[in-house]
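# A closer look at the structure
Letter by letter, the chains look like this.
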Amino acid sequence: MNAQKSKKAIIYCRVSSAEQVDGTSLSMQQQACEAYCEKLGLRVARVFVEKGESAKTAQRTEFIKAIDYCKMKQHAIGHFVVWKIDRFARNTSDHFSVKSILTKHGVSIRSVTEVITEDPQGLLMETILAGFSQFDNDIRAMRTRNGMRERLRQGVWVWNTPFGYQRTQKGANLSINPKTAPTIKLIFETYATGMYTYEEVAEKIHALGHQTAKGKKPCAQQIDRIVKNPIYCGLFRVWGEEHKAAFTPIIDEHLFNQCQDGYQERMKNATRIPKNPNFPLRRLVSCTACSQPLTASTSTGRHGKKYSYYHHQKQDCDKASFVATSDMEEKFVAYLQRISPTLAFENAFKAVVTDIWKNNTKVLVEAQRREQREKAALEDERQRIFEAHRAGVYSNEEFLEQKDVINRRLSRLPVAKGSRTSDKSFDIEAALDHFFDLMRDAAATWQRMDFSEKLRFQKLLFGNGNVPFDGETFGTADLSPIFALSEGYAGDKSALVTQVGAGWKQVVSNLVDNKFIQQLVEW
């Protein structure tokens with residue numbers, strides 16, 4: 001040890017958490033440092049103890065006091081003793097900048113658990129130890145940040161509890177504070193009217209008896225911070241990312257967006273598109289409470305980000321809410337997955353329809369032949385009447401009377417109507433394959449269609465009806481004939497035969513419509 005150095009030393013102890021303060025770490029550090037000084041014959045001038053402060057920065061209360069003490073004593077202190085280098089600093093910049101100050105006043109850094117000397121080897125070791133301290137701190141910070149980021153992605157708020165919310169226990173996510181949340185909601189509702197400034201909102205809620213978390217009168221700056229904080233509508237915008245909260249927000253996103261700069265002007269100038277390709281479920285989904293179909297719209301937040309929702313036309317329904325388009329369409333896809341036909345139904349239905357089609361085709365062909373024979377006989381008879389009239393057998397009056405008789409008989413013939421569904425060229429097996437190629441996984445089919453195809457597909461599934469939605473899940477809708485049969489199919493093929501036969505026209509119409517869609521969508 002340098003003989004010119006003062007034999008006096010100061011001891012600096014530090015812990016960075018309350019748990020360490022309450023435990024034994026501080027006393028253990030101090031005892032080890034005192035034993036070290038005694039072993040080297042150093043007299044301890046003073047002990048500085050830092051309780052619960054991190055070494056990420058040099059701006060620590062007791063640390064600054066220790067440095068000032070060394071400066072004040074002007075070379076009277078020879079050594080700055082710590083239990084370990086990372087107690088002194090956890091980044092190299094602070095370590096060497098503070099060391100430079102201490103060196104000017106004749107003070108050397110000494111570590112109880114690490115060898116630090118003034119020779120080149122000792123200085124190298126000190127540099128390495130300081131670097132490892134920073135490395136360790138950076139790794140801890142990275143892990144902490146990654147952990148916080150993951151919690152945010154899970155919808156958990158990891159910082160201090162904002163006014164209006166509460167935590168029921170340590171480590172829990174936020175929940176609505178029934179005492180203070182009404183103040184937050186009133187602030188947004190008042191400001192959203194567009195009739196009040198921040199100052200006026202503060203005055204208004206104060207007049208109604210509302211106060212800040214500290215029991216004071218609200219001010220304009222606080223109103224501004226609250227109105228611009230998306231956590232109140234359940235959104236986190238942190239570190240360049242946006243995440244949705246896993247807790248119930250105090251207000252909905254629509255009310256939040258109404259309070260952001262420029263909202264009223266954007267809404268005033270917005271053009272509405274009757275059939276907006278961003279909202280394929282608009283007017284299809286209806287509310288279970290009021291039975292009214294939902295509409296949809298897009299609003300723009302303060303930073304220009306667009307938010308799209310399905311919602312009630314009017315907000316007087318008990319279940320009125322704003323559902324993000326992504327959430328609504330995700331639930332709709334899950335609903336389509338639920339109603340898609342099973343393989344058992346597909347096989348049974350194909351067999352039943354093909355069998356009925358073939359039998360009906362035989363009957364139809366026979367009926368067409370019988371009709372053709374009767375029509376040919378009447379045409380022959382009408383031709384004989386014309387010939388008899390030309391030969392003078394019938395007078396004009398008798399000719400017209402006989403011709404009318406023949407025409408009435410022709411009009412009463414049972415006509416076998418010709419259409420795509422009765423034409424022998426219509427391939428029923430191909431139509432069935434087309435139908436189930438699309439409907440076997442209705443959800444996937446709907447997702448890969450464009451807007452116009454989705455509308456036609458939805459009409460095929462639900463006709464002109466609506467799909468009921470209670471705010472969380474889709475209920476039972478009036479399905480098209482084939483999907484209705486699929487929903488009720490319990491494995492009884494004989495019952496399916498009866499059901500298909502009873503609704504034959506609708507079933508075939510469903511297949512014909514599907515064939516048309518298949519022509520639209522060529523994958």
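Note that the coordinates shown come from a computational prediction; the quantities given were computed from them, not determined experimentally. All chains use their own residue numbering, which begins from 1 and follows the written sequence. Only residues with pLDDT of 70 or above have their local features reported here, since the model is predicted, and side-chain atom pairs are shown and tallied only from 80 upward, although totals for entire chains, interfaces and linings are computed over all residues. Excluding hydrogens and water, the side-chain values take into account all heavy atoms of the structure.

### Brief notes about the packing of aromatic side chains
Pairing of aromatic side chains here covers Phe, Tyr and the six-membered ring of Trp, requires ring centres within 6.5 Å, and sorts the geometry by plane angle: under 30 degrees stacked, over 60 edge-to-face, intermediate tilted. Here the structure, examined in full by the defined rule, presents 28 aromatic pairs. Look at Tyr 165 and Tyr 232: their rings are 5.8 Å apart centre to centre, the planes differ by 10°, and that puts the pair in the stacked class. Remark: Tyr 232 occurs in the loop between helix H9 (220–227) and strand S7 (235–238) and Tyr 165 occurs in strand S5 (residues 165–166); sequence separation between them is 67 residues. When accessible area is computed with a 1.4 Å probe and restricted to protein chains, residues below 20% of their type maximum are described as buried, those above 50% as exposed, and intermediate ones as partly exposed. Tyr 232 gets classed as buried once you look at its relative accessible area, which sits at 3%. Ring plane angle 45° and centroid distance 4.9 Å describe the contact between Phe 469 and Phe 474, whose orientation is recorded as tilted. Residues Phe 469 and Phe 474 agree in their burial class; the two are buried. Clustering of aromatic rings is evident, with ring pairs tying together Trp 157, Trp 159, Tyr 165, Phe 188, Tyr 232, Phe 236, Phe 247 and Phe 256. By definition, any uninterrupted DSSP run of H or I lasting at least four residues is a helix, any uninterrupted run of E lasting at least two residues is a strand, and each is numbered from the N terminus.

### Topic: the environment of Ala 477
Residue placement: Ala 477 occurs in the loop between strand S13 (467–469) and helix H18 (481–488). Measuring from C-alpha to C-alpha, the distance between Ala 477 and Val 467 comes to 5.0 Å, with 10 residues separating the pair along the chain. Any two residues whose heavy atoms approach within 4.5 Å are treated as being in contact. Apart from the residues lying within four places of it in its own chain, the contact partners of Ala 477 are Tyr 335, Phe 462, Asn 466, Val 467 and Pro 468.

### Examining the packing of helix H8 (residues 198–207) against H9
A fitted line through C-alpha atoms represents every axis, and for helices the fit uses only the stretch in contact; the resulting angles, taken between N-to-C directions, go from 0 to 180 degrees. Close contact between H8 and H9 brings their axes to 8 Å; oriented N to C, the two are set at 100°. The angle between H8 and H9 places the two elements in the roughly perpendicular class. Residues Tyr 198, Glu 199, Val 201, Ala 202 and Ile 205 of H8 touch H9, and the partners they reach there are Ala 220, Ile 223, Asp 224 and Val 227. Residue composition of the contact of H8 with H9, by class: 7 nonpolar, no polar and 2 charged. For this classification, under 35 degrees means roughly parallel, over 145 means roughly antiparallel, 65 to 115 means roughly perpendicular, and everything else is oblique. For this classification, the nonpolar set comprises Ala, Val, Leu, Ile, Met, Phe, Trp, Tyr, Cys and Pro, the charged set comprises Asp, Glu, Lys and Arg, and every other residue, Gly included, is treated as polar.

### So, the confidence of the model for the chain
As a per-residue quantity, pLDDT reports the predictor's confidence and falls between 0 and 100. For the chain, the mean per-residue pLDDT works out to 80, and 82% of the residues sit at or above 70. Across the chain, the element-wise mean pLDDT spans from 47 in helix H1 (residues 18–22) up to 94 in strand S3 (residues 79–82). Contacts from residues 268–273, a stretch scored under 50 in pLDDT, to residues over four places away or in other chains number 5 contacts. This stretch, residues 515–523, has a pLDDT under 50; its non-local contacts, to residues over four places away or in other chains, come to 17 contacts.

### Here's the deal with the side chain of Thr 325
Counting through the fold element by element, Thr 325 comes out in helix H12 (residues 325–339). Its relative accessible area of 16% is what places Thr 325 among the buried residues. In this structure Thr 325 touches Phe 279, Ser 308, Tyr 309 and Tyr 310, once residues within four positions along its chain are discounted.

### A word on the environment of Lys 358
Considering the arrangement of structural elements, one finds Lys 358 in helix H13 (residues 343–390). On the basis of relative accessible area, Lys 358 is assigned to the partly exposed category, the value being 47%.

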